[in-house]
Amino acid sequence: MSIRVDVRKFAKIEKASVRTGDFSLFVGDNNSGKTLMMELMYGIINIISNWNMEIGCAKITEMEDITYIRFSGEWFAEMESSVNRNAV
């Protein structure tokens, strides 16, 4: 499964676009947001796998056999809080 995540102004990540494949490797400087981005993507994948279409925080768009899911700013704030609470 391929997933693309575009992030703007999420915690210390000003702007990022990540596309995963069968094998993905995150490389970067210490304290640059690699773990935060991976945790965010894990949370998104977890939500999608247990998807409830009644969730009002997302907008779903389909174009050219690709499904785009856009989450609200409130969802990202909640995800950031969750990541911070569960950070090791």
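Here, the structure is the one placed above.
Below is a short write-up of the structure.

What counts and how
- Residues numbered from 1 in each chain as written.
- Predicted model: local features only at pLDDT ≥ 70, side-chain atom pairs only at ≥ 80, totals over all residues.
- Heavy atoms only, no water.
- Salt bridge = Lys/Arg side-chain N within 4 Å of Asp/Glu carboxyl O.
- 1 Å grid on protein atoms, 1.4 Å probe; cavity = no way out; pocket = protein on both sides within 12 Å on 5 of 7 lines; lining within 4 Å.
- Points joined across faces, edges and corners; volume = space filled by probe spheres on them.
- Helix = DSSP H or I, 4+ residues; strand = E, 2+ residues; numbered from the N terminus.
- Nonpolar A, V, L, I, M, F, W, Y, C, P; charged D, E, K, R; others polar.
- Patch = residues over 30% accessible without salt bridge, like charges linked within 9 Å, V, L, I, M, F, W, Y side chains within 5 Å.
- Areas by Shrake-Rupley, 256 points an atom, 1.4 Å probe, with all protein chains shown as cover.
- Buried < 20%, exposed > 50% of the residue type's maximum accessible area, 1.4 Å probe, protein only.

## Observations concerning the pattern of salt bridges
Part 1 of the reasoning: Scanning all chains against the criterion turns up one salt bridge.
Part 2 of the reasoning: Two residues, Asp 6 and Arg 4, come together in a salt bridge whose shortest N-O distance is 3.0 Å.

## Some thoughts on the layout of surface pockets
Part 1 of the reasoning: Of the volumes computed, that of the largest pocket is approximately 790 Å³.
Part 2 of the reasoning: Arg 4, Val 5, Asp 6, Tyr 68 and Ile 69 are, among the 20 residues lining the largest pocket, the residues nearest its centre.
Part 3 of the reasoning: Those elements giving two or more residues to the lining of the largest pocket turn out to be β1 (4-10), α1 (34-49) and β4 (66-71).
Part 4 of the reasoning: In the lining of the largest pocket, the residues fall into twelve nonpolar, two polar and six charged.

## Here we look at a nonpolar patch on the surface
Part 1 of the reasoning: On the surface, a nonpolar cluster with roughly 420 Å² of combined accessible area is contributed by Phe 23, Leu 25 and Val 27.
Part 2 of the reasoning: According to the relative accessible area criterion, Leu 25 is exposed, its value standing at 66%.

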